[in-house]
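Okay, here's what each chain looks like letter by letter:
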Amino acid sequence: MTIRPKTGIEEIVLYKAGDAKVAGRGDVLKLSSNENPYGAPDSAKAAFARAVHDLHRYPPTDHAELRAAIAEVHGLDPERIVCGAGSDEIITFLCQAYTQPGDEVIHTEHGFSMYAISARAAGATPVEVPERERKVDVDAILAGVTERTKLVFVANPGNPTATMIGGNETARLAAELPPHVLLVLDGAYSEYVEGFDGGASLTESRDNVVMTRTFSKMYGLGGLRIGWGYGPKDVIDNLNRVRGPFNLSQAQLAAAEAAVRDRDWAARCRADNTRMRDWLQHALAELGVPSDTSSANFILARFASPSEADDCEARLRGDGILVRKVGGYKLPQCLRITVGTEADCRRVAASVARFREQTA
Ligand SMILES: *Cc1c(COP(=O)(O)O)cnc(C)c1O
């Protein structure tokens, strides 16, 4: 083949999604993709069902109603919101609009893999900077900045680490980055942190910060693909220039609007997640499997070695439980486990206990 894609495309390492099936088993417990164990709220399902009557109509191009709902619930300016097919698409827009070949995009050592994928797809060069004990290190990020740096991606809480840095640290990062660099705060898990705005107020107060959010995690709509970004008006205008006019269907818009207005759902899911996350962390720690304090809907279980992590993953799989291996995130000694229902968490703990007995 002599026709080659543009520089960088062939270097893209395909995104690896969490496994969903085990051959020959019908009772699989999928804890590999940080999905909401309770699914989507009924309010969103009803809105989705109503959308079936308008499948022949093109959706609106301006997403005005969804933006208004998000703005109302989160206390934001609707003119500074952009909506996409998952926050993945917002990440793509940012790389498309703000980078070109020769430019650098910083992500952290254990950072979400879509940052590097989207950077390369735009022809830019991803640059990895170290974390400190599985936590984002602001000084390491600042040290990694060059004249070519255009974007810095920080997920807070992080995936797959589940750790978080404080508001002082993100504010310091935003303040100390040189003026040619845009800071992107990925708040995919921010709903799970009581009282945390995902970086919204920092975004409000600065002209170099963008926040991304998703309906895929707490709102249980990962299958539908809806996310949004919040930033300075000029940045949002540019993201809208690269956005396809019909990037979201009416079903996506309607379901997301219903979900974001469902404040009870968010409160219940947050409380339930906190309770079961604490239980699971404690239960696994008792079995000799520690994890860092989690601020998300998953924990990063840490084993003595990569082979022990692999063996435990195999035991869980044998018991019909799918968790996420994270060797690709430079954490081969760890497994990422989504916090499920109480029954789910008990099933995980029982399986890890069997693993311990079998290797004792
Ligand atoms: C899950 C996740 C997202 C959300 O992806 P969507 O495209 O909105 O489904 C974004 N960032 C991080 C760090 C995530 O873990």
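Residues numbered from 1 in each chain as written. Predicted model: local features only at pLDDT ≥ 70, side-chain atom pairs only at ≥ 80, totals over all residues. Heavy atoms only, no water.

Where an unreviewed UniProt entry is consulted, the chain appears under the name Histidinol-phosphate aminotransferase, with the organism given as Silicimonas algicola. Taken from UniProt, the Catalytic activity (unreviewed entry) comment for the chain reads in full: "L-histidinol phosphate + 2-oxoglutarate = 3-(imidazol-4-yl)-2-oxopropyl phosphate + L-glutamate". Entered under Sequence similarities (unreviewed entry) in the UniProt record, the comment concerning the chain runs "Belongs to the class-II pyridoxal-phosphate-dependent aminotransferase family. Histidinol-phosphate aminotransferase subfamily." (UniProt positions renumbered as here; feature names shortened; annotations may be inferred.)

### Topic: the nonpolar core
Counting residues in each nonpolar core, the largest one holds 34 residues, and the members touching the most others are Leu 66, Ile 70, Phe 215, Leu 221, Ile 226 and Trp 228. Put simply, the parts of the chain that give this core at least two residues each are helix 2 (64-74), strand 2 (81-84), strand 8 (227-230), helix 9 (250-261) and helix 10 (263-286). The biggest single contributor to this core is helix 9, with 5 residues. Ignoring anything within four residues of it in the chain, the contact list for Phe 215 reads Leu 66, Ile 70, Gly 220, Leu 221, Gly 222, Ile 226, Gly 227, Trp 228, Ala 256, Ala 259 and Val 260. (Core = buried A, V, L, I, M, F, W, Y, C linked by side-chain atoms within 4.5 Å. Buried < 20%, exposed > 50% of the residue type's maximum accessible area, 1.4 Å probe, protein only. Helix = DSSP H or I, 4+ residues; strand = E, 2+ residues; numbered from the N terminus. Contact = heavy atoms within 4.5 Å.)

### Considering the UniProt feature "modified residue: N6-(pyridoxal phosphate)lysine" (unreviewed entry) in the chain
Feature annotation in UniProt assigns "modified residue: N6-(pyridoxal phosphate)lysine" (unreviewed entry) to the following positions: Lys 217. Take Lys 217: it is sitting in the loop between strand 7 (209-214) and strand 8. For Lys 217, a relative accessible area of 15% puts it in the buried group. Not counting the four nearest positions on each side in its chain, Lys 217 is found in contact with Ser 33, Asn 34, Asn 36, Ala 188, Tyr 189 and Tyr 192. Polar side-chain contacts of Lys 217 include one of 3.1 Å to the side chain of Tyr 189. (Polar contact = N/O pair within 3.5 Å; in protein donor to acceptor, adjacent residues only side chain to side chain.)

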